[in-house]
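# Residue-level structural notes
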Amino acid sequence: MLKTNLYQPLFYLILFTPLLPFAQVSIPKKVNNEMSVELKAVQTPSNTFVAAIMTTKTGGFNDNISKVYRSADNGQTWDSVFAVLADSNFARNPDPVLCMDNAGTIYLILMRINKGTAKGQLWCYKSTDDGKTWSLAGKPYQGNSLPDYPQCIAKGNGEIYLT
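The structure presented is a predicted model; accordingly, all values stated were derived computationally and were not measured.

The next point concerns the packing of aromatic side chains. The geometry of an aromatic ring pair is captured by the separation of the ring centres together with the interplanar angle, meaning the angle of the planes. For the structure shown, the criterion picks out four aromatic pairs. Aromatic side chains Phe82 and Trp134 sit 6.1 Å apart centroid to centroid with 25° between the ring planes, which places their arrangement in the stacked category. With Phe82 in strand E7 (residues 78–84) and Trp134 in the loop between strand E11 (120–127) and strand E12 (135–141), this pair connects stretches of sequence that are 52 residues apart. Summarising the burial analysis for this pair, Phe82 and Trp134 share the class buried. Every member of this aromatic cluster is reached through a ring pair, and the members are Phe82, Phe90, Trp123, Tyr125 and Trp134. Lying over the aromatic face of Trp123, Arg112 brings its terminal NZ or CZ to 4.5 Å of the ring centre.

Put into structure tokens, the structure is as follows:
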């Protein structure tokens, strides 16, 4: 795990807003020397903060990586706990979003863009241990278009609503 001081002013701005159960920003900021262009965060029942960030080394959209960070000390330090990288089938992994159900299960939804096309899929990962570990929960969209800017709401008992 990478212990880091992520970008604290940004996290304090969005995470400590008591009226929101989650927060999302789209302001380019440097996180660990990579441009962060999207961020979604949740606070778990045990007061742990989990943030999903889309990063890019070039500032463009050809090298998107979705990463998950976790803080158990009110945002003082952050652990890098999960990343979805490019592979032989998928060139980019943009637009990470998080939602959490009433049992505390955290869901990460992101796009996986097929190599050589502008078409993609939506993949869902989940964490049942306060954001420490992640596993593939399913692939809710494997169609023939670009499922851009996904959003999710977790109802409970594993039910997730996606748009």
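Another aspect to go through is the side chain of Ser127. Checked against the element boundaries, Ser127 lands in strand E11. Classification of Ser127 by relative accessible area gives buried; the value is 0%. Within the structure, the side chain of Ser127 is placed 2.9 Å from the backbone nitrogen of Gly131, a separation counted as a polar contact. There is a polar contact of 2.9 Å between the side chain of Ser127 and the backbone oxygen of Thr133. Ignoring sequence-local partners within four residues, the contact set of Ser127 consists of Gly104, Thr105, Ile106, Lys132, Thr133 and Trp134.

Positionally, Leu110 belongs in strand E10 (residues 106–114). Judged by its relative accessible area of 0%, Leu110 is buried. Each C-alpha atom of the pair Leu110 and Val84 lies 9.0 Å from the other, and the pair is 26 residues apart in sequence. Beyond its immediate chain neighbours, meaning those up to four positions away, Leu110 contacts Ser66, Val84, Asn93, Pro94, Asp95, Pro96, Gln121, Leu122, Trp123 and Tyr125.

Attention shifts here to the pairing of E11. Burial analysis of E11 places seven of its eight residues in the buried class, which makes it a mostly covered element. Judged from the eight bridges that link them, E10 and E11 form a sheet pairing that is antiparallel. Along E11, the bridge assignment pairs Ile109 with Cys124. Between the antiparallel neighbours E10 and E11 lie five residues, among them Gly116 with a positive phi of about 80°. Bridge analysis of E11 against E12 gives four bridges, and the strand direction is antiparallel. Across the sheet, the residue bridging to Lys126 is Ser135, located in E12.

For Asn64, the location among the structural elements is in the loop between strand E5 (49–56) and strand E6 (65–71). Since its relative accessible area comes to 1%, Asn64 is described here as buried. In this structure, Asn64 is in contact with Met54, Thr55, Thr56, Arg92, Asn93 and Pro94, ignoring residues within four places of it in sequence.

Here the focus is the nonpolar core. Counting residues in hydrophobic clusters, the biggest one holds 15 residues, and the most contacted among them are Val50, Val68, Phe82, Leu98, Leu108, Tyr125 and Trp134. Mapped onto this core, the elements with two or more residues apiece are E5, E7, E10 and E11. Not counting residues up to four positions away in its chain, the partners in contact with Trp134 are Val50, Val68, Val81, Phe82, Leu98, Ile106, Tyr107, Leu108, Tyr125, Lys126 and Ser127.

Cut-offs applied
- Residues numbered from 1 in each chain as written.
- Predicted model: local features only at pLDDT ≥ 70, side-chain atom pairs only at ≥ 80, totals over all residues.
- Heavy atoms only, no water.
- Phe/Tyr/Trp six-rings, centres within 6.5 Å; stacked < 30°, edge-to-face > 60°.
- Helix = DSSP H or I, 4+ residues; strand = E, 2+ residues; numbered from the N terminus.
- Buried < 20%, exposed > 50% of the residue type's maximum accessible area, 1.4 Å probe, protein only.
- Lys NZ or Arg CZ within 6 Å of the ring centre and 35° of its normal.
- Polar contact = N/O pair within 3.5 Å; in protein donor to acceptor, adjacent residues only side chain to side chain.
- Contact = heavy atoms within 4.5 Å.
- Pairing = 2+ DSSP bridges.
- Core = buried A, V, L, I, M, F, W, Y, C linked by side-chain atoms within 4.5 Å.

Bear in mind that shape data such as this cannot, by itself, settle questions of function.
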